[in-house]
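Each chain, letter by letter, is given below.
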Amino acid sequence: MQLKLVPGNSAGTVTAYYLSSKGSTWDEIDFEFLGNLSGDPYILHTNVFSQGKGNREQQFYLWFDPTADFHTYSILWNPQRIIFSVDDTPIREFKNMESMGVAYPKNQAMRIYSSLWNADDWATRGGLVKTDWSQAPFTASYRNFNANACVWSNGASSCPSTKNSSNAWLLQELDSAHQEKLKWVQKNYMIYNYCGDTKRFPGGLPKECNSSF
């Protein structure tokens, strides 16, 4: 999906683009863009839910002004990994670590959603900066949506079991060039990683944080 975010004073607003299933033990993969005061950078907030459990936030600044033009935000979700990308630059990889007892979203069909909503209780500086409604209406723009997916119906997948050009994404992983891009983003633009938040997890970091994750 290509997005252009709310310009000017967007504090308190969240522009969202995400995948989600239904029910009390839902799965979800989130892009959320946390608005800010004019001149301050947007925060790109990512999260992964599996079986109704999230708490896997990573946050980033962007290396461009996301309100000035459209940029492409992509989610690769296959049985092995989830990759969040911005303009073909990976910013986050969440691997399937079920072998370590970490739940992974793979058994529920997810739909694609987008929204623009008021979250001034937490979105900007932890809720310290509220939405300035005199700036309304707030407008975010979406275009050029494209999806390649397996449709789950009656307990069966629409994708063939053998690899072919139309479903190569099912086995896709980061090549060495994209691994370097991922390291570059995480070194220079990551501003929060739940795997480094020992205060939040006093009993020990989540299992996936103790691996090469």
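Keep in mind that what you see is a predicted model, and the values were worked out from it rather than measured.

## Notes on the overall build of the protein
Now for step 1: Along the backbone of the protein there are one helix and 13 strands.
Now for step 2: Counted from the first residue to the last, the protein has its helices and strands arranged as β-β-β-β-β-β-β-β-β-β-β-β-α-β.
Now for step 3: When the 213 residues of the protein are sorted by exposure, 44% land in the buried category.
Now for step 4: Surface accessibility of the protein: about 11,300 Å² in total, with carbon and sulfur atoms responsible for 49%.
Now for step 5: Distance between charge centroids for the protein: 5 Å, based on 19 positive and 20 negative side chains.

## So, the UniProt feature "domain: GH16" (unreviewed entry) in the protein
Now for step 1: In the numbering used here, UniProt assigns the "domain: GH16" (unreviewed entry) feature to residues 1–142.
Now for step 2: Here residues 1–142 runs as 0% helix and 41% strand, with 7 Å between its end C-alpha atoms.

## Section: the environment of Gln80
Now for step 1: Along the chain, the position of Gln80 falls in the loop between strand E6 (71–77) and strand E7 (81–86).
Now for step 2: Separated by 23 residues in sequence, Gln80 and Ala103 place their C-alpha atoms 12 Å apart.
Now for step 3: Filtering out sequence-adjacent residues up to four positions away, Gln80 remains in contact with Lys95, Asn96, Tyr104, Leu170 and Leu171.

## Overview of the nonpolar core
The nonpolar side chains of a soluble globular protein tend to be buried, and buried together.
Now for step 1: Residues Phe31, Phe33, Leu44, Tyr73 and Ile91 are the most contacted members of the largest nonpolar core, which totals 32 residues.
Now for step 2: Looking at this core, the elements with two or more residues in it are strand E2 (13–20), strand E3 (28–34), strand E4 (43–49), E7 and strand E8 (89–95).
Now for step 3: Ranked by size, the runner-up nonpolar core spans seven residues in total, among them Ile83, Trp169, Leu170 and Leu174.

## Section: unusual backbone geometry
Now for step 1: With an omega of 5 degrees, the peptide bond between Ala136 and Pro137 qualifies as cis.
Now for step 2: Examined against the element boundaries, Pro137 turns out to sit in the loop between strand E9 (111–118) and strand E10 (141–143).
Now for step 3: The backbone of Gln51 shows a phi angle near 55 degrees, a positive value even though the residue is not glycine.
Now for step 4: By secondary structure assignment, the location of Gln51 is in the loop between E4 and strand E5 (58–60).
Now for step 5: Here Gln51 falls in the partly exposed class, since its relative accessible area comes to 44%.

## With respect to the pairing of E3
Now for step 1: Among the seven residues that make up E3, seven are buried, leaving the element largely enclosed by the rest of the structure.
Now for step 2: Here E3 shows two buried faces, one formed by Glu28, Asp30, Glu32 and Leu34 and the other by Ile29, Phe31 and Phe33.
Now for step 3: Summarising the sheet, E2 and E3 pair through seven bridges and their orientation is antiparallel. Pairing of Val14 across the sheet is with Leu34, part of E3.
Now for step 4: Strand direction decides the pairing type here: E3 and E4, joined by seven bridges, are antiparallel.

Procedures and definitions
Residues numbered from 1 in each chain as written. Predicted model: local features only at pLDDT ≥ 70, side-chain atom pairs only at ≥ 80, totals over all residues. Heavy atoms only, no water. Helix = DSSP H or I, 4+ residues; strand = E, 2+ residues; numbered from the N terminus. Buried < 20%, exposed > 50% of the residue type's maximum accessible area, 1.4 Å probe, protein only. Areas by Shrake-Rupley, 256 points an atom, 1.4 Å probe, with all protein chains shown as cover. Lys, Arg positive; Asp, Glu negative; His and termini not counted. Charge placed at Lys NZ, Arg CZ, Asp CG, Glu CD. UniProt positions renumbered as here; feature names shortened; annotations may be inferred. Contact = heavy atoms within 4.5 Å. Core = buried A, V, L, I, M, F, W, Y, C linked by side-chain atoms within 4.5 Å. Pairing = 2+ DSSP bridges.

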